[in-house]
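For reference, the chains in residue letters:
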Amino acid sequence: MLRLDGVSLTIEGKEIIKELNFELRRGEIHTLLGVNGTGKSSLAYLIMGIPGYKPSKGKVYLDGKDITDLPVHERAKRGITLAWQEPVRFEGITIGEYIGLSAGSGVDISKVLSLVGLSPFRYLNRLNDGTLSGGERKRVELASVLAMKPKVAILDEPDTGIDPLSIPEVIRVIKEMKRSGSSVLLISHRPEIIRMADRASVLCGGNIQKTDSPNETFRWFEGNCKGCDYVNEPEVRKSGTL
């Protein structure tokens, strides 16, 4: 579905992503792990085509077609969407209207709200503004992505601001995205979220260090990345010069 072929990203003279190869398969949930500062969000922005995140080298393909030079709105038209770690606020419109802006034909917005744990009676006509808590805004963002039925959904820390008791609802929504036909790239550190994926990868040093089953990848991440003094210098760590 989505393929990155030898992609590099340089920002302000610093190479963030280094000749990275990555594949998101059709209909899979793929979790991306990495400690803070390893470039996970930068990679998400690159895939979405956010200005300032154009690859300095390599190609990005969607359904086998080169989209490297396409702007954000063209990638969105082709079915890629990004749910931000900090959801955008839209003042002056209701939550129902906001979700409806991107909803596919025949989508029941009330049902979508219920799936993310928001009562349609309370939230459908509520303004999508600063009165919403961080957790509520994150749920609205997830509802919008779910209603969109994208080919590729990039979810950057979808559990941020969500209370622990609501994590099963987040997991249910992500599984519903897959059931609806979306391929999901999921950035998260939470074990419950990671383990519900089909595959998982670890990003460090601008490249993928490991891809395996979620359980195996998470064990590797815990053993090699937590507390590591060589973040973004994995080759130094591998060389035995600790």
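Below or above, wherever it landed, is the structure these notes cover. This is a predicted model, so every value here is computed, not measured. (Residues numbered from 1 in each chain as written. Predicted model: local features only at pLDDT ≥ 70, side-chain atom pairs only at ≥ 80, totals over all residues. Heavy atoms only, no water.)

**Notes on the overall build of the chain**
Part 1 of the reasoning: Each helix and strand counted, the chain has 10 helices and 10 strands in total.
Part 2 of the reasoning: Relative to the 2.2 N^0.38 estimate, which gives 18 Å for 242 residues, the radius of gyration of the chain is 18 Å and therefore close to what a compact globule would have.
Part 3 of the reasoning: Principal-axis analysis of the C-alpha atoms places the extent of the chain at approximately 60 × 40 × 30 Å.
Part 4 of the reasoning: The buried share among the 242 residues of the chain stands at 50%.
Part 5 of the reasoning: When contacts within the chain are restricted to residue pairs at least 6 apart in sequence, those whose partners lie at least 24 apart make up 67%.
Part 6 of the reasoning: Distance between charge centroids for the chain: 3 Å, based on 34 positive and 31 negative side chains. (Helix = DSSP H or I, 4+ residues; strand = E, 2+ residues; numbered from the N terminus. Rg over C-alpha atoms; globule rule 2.2 N^0.38 Å. Buried < 20%, exposed > 50% of the residue type's maximum accessible area, 1.4 Å probe, protein only. Contact = heavy atoms within 4.5 Å. Lys, Arg positive; Asp, Glu negative; His and termini not counted. Charge placed at Lys NZ, Arg CZ, Asp CG, Glu CD.)

**Overview of helix α6 (residues 134-148)**
Part 1 of the reasoning: In this model α6 runs 21 Å from its N-terminal to its C-terminal C-alpha over 15 residues, within 8% of the 21 Å that 1.5 Å per residue would give.
Part 2 of the reasoning: A large share of α6 lies buried, amounting to 13 of its 15 residues.
Part 3 of the reasoning: Phi turns positive one or two residues past the end of α6, at Lys149, with a value near 50°. (Expected span 1.5 Å × (residues − 1).)

**Quick notes on the pairing of strand β8 (residues 183-187)**
Part 1 of the reasoning: Within β8, 5 of the 5 residues are buried, which leaves the element mostly enclosed by the surrounding structure.
Part 2 of the reasoning: Where strand β3 (residues 29-33) and β8 come together, 4 bridges link them in parallel fashion. In the strand pairing of β8, Ile29 is matched with Val184.
Part 3 of the reasoning: Bridge count between strand β7 (residues 152-156) and β8: 5 bridges; the pairing is parallel. Note on β8: the bridge partner recorded for Ile154 is Leu185.
Part 4 of the reasoning: Handedness of the β-α-β unit built from β7, helix α7 (residues 167-179) and β8 comes out right-handed. (Pairing = 2+ DSSP bridges. Right-handed = clockwise from strand over helix to strand, strands pointing away.)

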